[in-house]
Amino acid sequence: MVFHAIAVWLLVASVPLWAYRWFLYAKLDERERQIFKRLVTKRYEGAFAFGARMFGFLVALAAAVLFLVYGLRYLKHGSLELGVYKETVRTRLYSGMEPVDQALNTFHYEQPLPIAILTTCFLLSVVFTLVATALRDVATILRLRKKLERIQSGRSDTQTT
């Protein structure tokens, strides 16, 4: 449940970040947009590759935790029982809207535990990629604008003397 709450808050945070990113991008002129696109494609990893790498990391981390928990359970009880997610995790995240809650029950809480963990990892990797990409783009645009202003002010200083 904690991971679902984190995913929801990251999704909520990504909306204003992307709006601010598009606002800053719209203020760039054509030359600055070309420079920005070149910087992002040449210097940074693509969003899909970053999301895939994040998903792989989260799946590996979840597999390690499951291996540890079920290994300890096997040592204590002598059995390995994989149930559905709702039997293992008792707390749930409810939205208060009946269709959304029914969809959550069907597509997540009633799934076998490994599939529920994979969907949670996928959701976390998608929302983290959204937030990280927006933050990266905003920082890149702001740095680009600062450098271009410095260059232009340096040219205007040499032209006036």
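Residues numbered from 1 in each chain as written. Predicted model: local features only at pLDDT ≥ 70, side-chain atom pairs only at ≥ 80, totals over all residues. Heavy atoms only, no water.

1. Side note on the overall build of the chain
Consideration 1: Regarding its fold elements, the chain presents six helices and zero strands.
Consideration 2: When the helices and strands of the chain are placed in sequence order, the string is α-α-α-α-α-α. (Helix = DSSP H or I, 4+ residues; strand = E, 2+ residues; numbered from the N terminus.)

2. Observations concerning the packing of aromatic side chains
Consideration 1: On inspection of all chains with the given rule, the structure shows five aromatic pairs.
Consideration 2: Plain terms: the ring middles of Trp22 and Tyr25 are 5.7 Å apart, the flat faces sit at 85° to each other, and that makes the pair edge-to-face. Linking Trp22 with Tyr25, this pair stays in helix H1 (residues 2-27), spanning three residues, or about one helical turn.
Consideration 3: Ring geometry for Phe55 versus Phe122: centroids 6.3 Å apart, planes at 80°, classification edge-to-face. With Phe55 in helix H3 (residues 47-77) and Phe122 in helix H6 (residues 113-160), this residue pair connects regions lying 67 residues apart in the sequence. (Phe/Tyr/Trp six-rings, centres within 6.5 Å; stacked < 30°, edge-to-face > 60°.)

3. Things to note about the pattern of salt bridges
Consideration 1: Following the criterion strictly, the structure yields four salt bridges and no others.
Consideration 2: A salt bridge links Asp137 to Arg21, with the nearest nitrogen and oxygen atoms 2.9 Å apart. Separated by 116 residues along the polypeptide, Asp137 in helix H6 and Arg21 in helix H1 bring together distant segments of the chain.
Consideration 3: Judged by its relative accessible area of 2%, Asp137 is buried. (Salt bridge = Lys/Arg side-chain N within 4 Å of Asp/Glu carboxyl O. Buried < 20%, exposed > 50% of the residue type's maximum accessible area, 1.4 Å probe, protein only.)

4. Details of a positive patch on the surface
Consideration 1: There is a patch of like positive charges on the surface, built from Arg43, Arg143, Lys146, Lys147 and Arg150.
Consideration 2: With four residues, the top contributor of residues to the positive patch is H6.
Consideration 3: The residue Arg43 is located in helix H2 (residues 30-43) in this model.
Consideration 4: Arg43 sits in the exposed class, given a relative accessible area of 58%. (Patch = residues over 30% accessible without salt bridge, like charges linked within 9 Å, V, L, I, M, F, W, Y side chains within 5 Å. Areas by Shrake-Rupley, 256 points an atom, 1.4 Å probe, with all protein chains shown as cover. Lys, Arg positive; Asp, Glu negative; His and termini not counted. Charge placed at Lys NZ, Arg CZ, Asp CG, Glu CD.)

5. Here's the deal with the nonpolar core
Consideration 1: Counting residues in hydrophobic clusters, the biggest one holds 11 residues: Ala7, Phe50, Met54, Leu58, Ala62, Tyr70, Leu113, Ile117, Cys121, Leu124 and Val127.
Consideration 2: Listed by contribution, the elements that provide at least two residues to this core are H3 and H6.
Consideration 3: For Met54, the residues in contact, after removing those within four places along its chain, are Ser125 and Phe128.
Consideration 4: Leu24, Tyr25, Leu28 and Phe36 belong to the second-largest nonpolar core, a separate cluster that totals nine residues. (Core = buried A, V, L, I, M, F, W, Y, C linked by side-chain atoms within 4.5 Å. Contact = heavy atoms within 4.5 Å.)

6. Details of the environment of Ser14
Consideration 1: With respect to the element layout, Ser14 can be found in helix H1.
Consideration 2: In this structure Ser14 comes out as buried when scored by relative accessible area, which is 4%.
Consideration 3: Considered as a pair, Ser14 and Val131 are 117 residues apart in the sequence and their alpha carbons are 5.0 Å apart.
Consideration 4: Not counting chain neighbours up to four residues away, the residues in contact with Ser14 comprise Leu130 and Val131.
Consideration 5: For Ser14, the side chain forms a polar contact with the main-chain oxygen of Leu11, separated by 2.7 Å. (Polar contact = N/O pair within 3.5 Å; in protein donor to acceptor, adjacent residues only side chain to side chain.)

7. Some thoughts on the environment of Tyr25
Consideration 1: Classification of Tyr25 by relative accessible area gives buried; the value is 12%.
Consideration 2: Residues Tyr25 and Leu142, spaced 117 residues apart in sequence, show a C-alpha to C-alpha distance of 9.9 Å.
Consideration 3: Apart from the residues within four sequence positions on either side, Tyr25 is in contact with Arg33, Phe36, Lys37 and Ile141.

8. Digging into H3
Consideration 1: Its 31 residues place the ends of H3 44 Å apart at the C-alpha level, agreeing with the 45 Å of an ideal helix rising 1.5 Å per residue.
Consideration 2: Within H3 the residues assigned to the buried category are Phe50, Gly51, Met54, Leu58, Ala62 and Tyr70.
Consideration 3: Positive phi appears at Gly78, one or two residues downstream of H3, with a value of about 80°. (Expected span 1.5 Å × (residues − 1).)

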